[in-house]
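What the coordinates show
So the chains spell out like this:
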Amino acid sequence: MDIISQLQEQVNAVAAAAFNTFGTLQRDAPAVRLSPNYPEPPAGPTPNPNPNPNVNPTEDAANVTEQSKVMSAALVKAAKQLDALVAALPISEGGEEAQLKRIAELQAENDAVGQELQRQLEAAENELKLVQELFSQATDNCLNLKKPD
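As the structure is a prediction and not an experimental result, all values here were calculated from the model. (Residues numbered from 1 in each chain as written. Predicted model: local features only at pLDDT ≥ 70, side-chain atom pairs only at ≥ 80, totals over all residues. Heavy atoms only, no water.)

A closer look at the overall build of the protein chain
The following threshold applies: Going along the chain from the N terminus, every DSSP run of H or I of four or more residues is numbered as a helix, and every run of E of two or more is numbered as a strand. Each residue gets one of three labels from its accessible area relative to the maximum for its type: buried under 20%, exposed over 50%, partly exposed in between, using a 1.4 Å probe on protein chains only. Accessible areas in this description were obtained via Shrake-Rupley with a 1.4 Å probe; residue shielding takes into account the shown protein chains only.
Tallying secondary structure elements over the protein chain gives three helices and zero strands in all. Along the protein chain, helices (α) and strands (β) appear in the sequence α-α-α when read from the amino end. Looking at the protein chain as a whole, 10% of its 149 residues qualify as buried. If you sum the accessible surface of the protein chain, you get close to 13,000 Å²; carbon and sulfur atoms cover 59% of it.

Overview of the UniProt feature "coiled-coil region" (unreviewed entry) in the protein chain
Which entries qualify depends on this criterion: UniProt positions are given in the numbering used here, feature names are shortened, and annotations may be inferred rather than shown by experiment.
UniProt annotation of "coiled-coil region" (unreviewed entry) refers to residues 103-141 when read in the numbering used here. Note that residues 103-141 is 100% helix and 0% strand, and that its end C-alpha atoms are spaced 56 Å apart.

A word on the pattern of salt bridges
To be explicit about the condition: Criterion for a salt bridge: a side-chain nitrogen of Lys or Arg within 4 Å of a carboxyl oxygen of Asp or Glu.
Throughout the structure, instances matching the rule amount to three salt bridges. Between Asp-28 and Arg-27 there is a salt bridge, with its nearest N and O atoms 2.7 Å apart. Arg-27 sits in the exposed class, given a relative accessible area of 58%. Taking the shortest distance from any N to any O, the salt bridge between Glu-116 and Arg-119 comes out at 2.9 Å. You can see Glu-116 and its partner Arg-119 sitting in helix α3 (residues 95-145), three residues apart, about one turn around the helix. What makes Glu-116 partly exposed here is its relative accessible area of 35%. Take Arg-119: its relative accessible area is 47%, and that puts it in the partly exposed class.

A closer look at the confidence of the model for the protein chain
The line we're drawing: pLDDT runs from 0 to 100 and stands for how confident the predictor is about each residue.
When pLDDT is averaged along the protein chain, the result is 84; 84% of the residues meet or exceed 70. Looking across the protein chain, the model is least confident in helix α2 (residues 57-87), with a mean pLDDT of 86, and most confident in α3, with 93.

As for the environment of Gln-67
As a reminder of what qualifies: In what follows, residue pairs with any heavy atoms lying within 4.5 Å of each other are defined as contacts.
Of note, Gln-67 is situated in helix α2. Under the relative-accessibility criterion, Gln-67 is labelled partly exposed at 33%. A C-alpha to C-alpha distance of 9.6 Å links Gln-67 and Asp-28, two positions 39 residues apart in sequence. The residues contacting Gln-67, other than those within four sequence positions of it, are Thr-24, Arg-27 and Asp-28.

Things to note about helix α1 (residues 3-28)
As a reminder, the rule being used: Residue count minus one, scaled by 1.5 Å, sets the expected span of a helix.
An ideal rise of 1.5 Å per residue puts 38 Å on 26 residues; α1 measures up with 37 Å between its terminal C-alpha atoms. Along α1, the residues that are buried comprise Leu-7, Gln-10, Val-14, Ala-17, Ala-18, Thr-21 and Thr-24.

Remarks on the side chain of Gln-10
By secondary structure assignment, the location of Gln-10 is in helix α1. Non-local contacts of Gln-10, meaning those with residues more than four positions away in its chain, are made with Ala-78, Gln-81, Leu-82 and Leu-85.

Rendered as structure tokens:
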């Protein structure tokens, strides 16, 4: 796999890790009061703060903390792998002008190879037609030699 494809895969991995980490934190983290000056929410039906009655709140908080550490470590690892791939990219020399010149050279080379391939394709198609005609003649000759029953 080339470096660009690896970069794309790693960017997707970082995005997925970030998405999962933030989503899990948002879903599982306990509510925290932002400011003592912030007003209390209006009284209403209170949701069950512990949807799983078999797990006590202390264990649940420990799970959230442990899970956040694991997911954060995975996110940091993915980001470091992305940084390593970026560092492995070749450094362009000569600036934009040299890059544009190299692009023009590569485009000219690509056009020349494309024209050569087109000539080879046409030659192969002509040869295929010739072989098909010869095969048709050979089958006709075989049928003409065969005696009717």
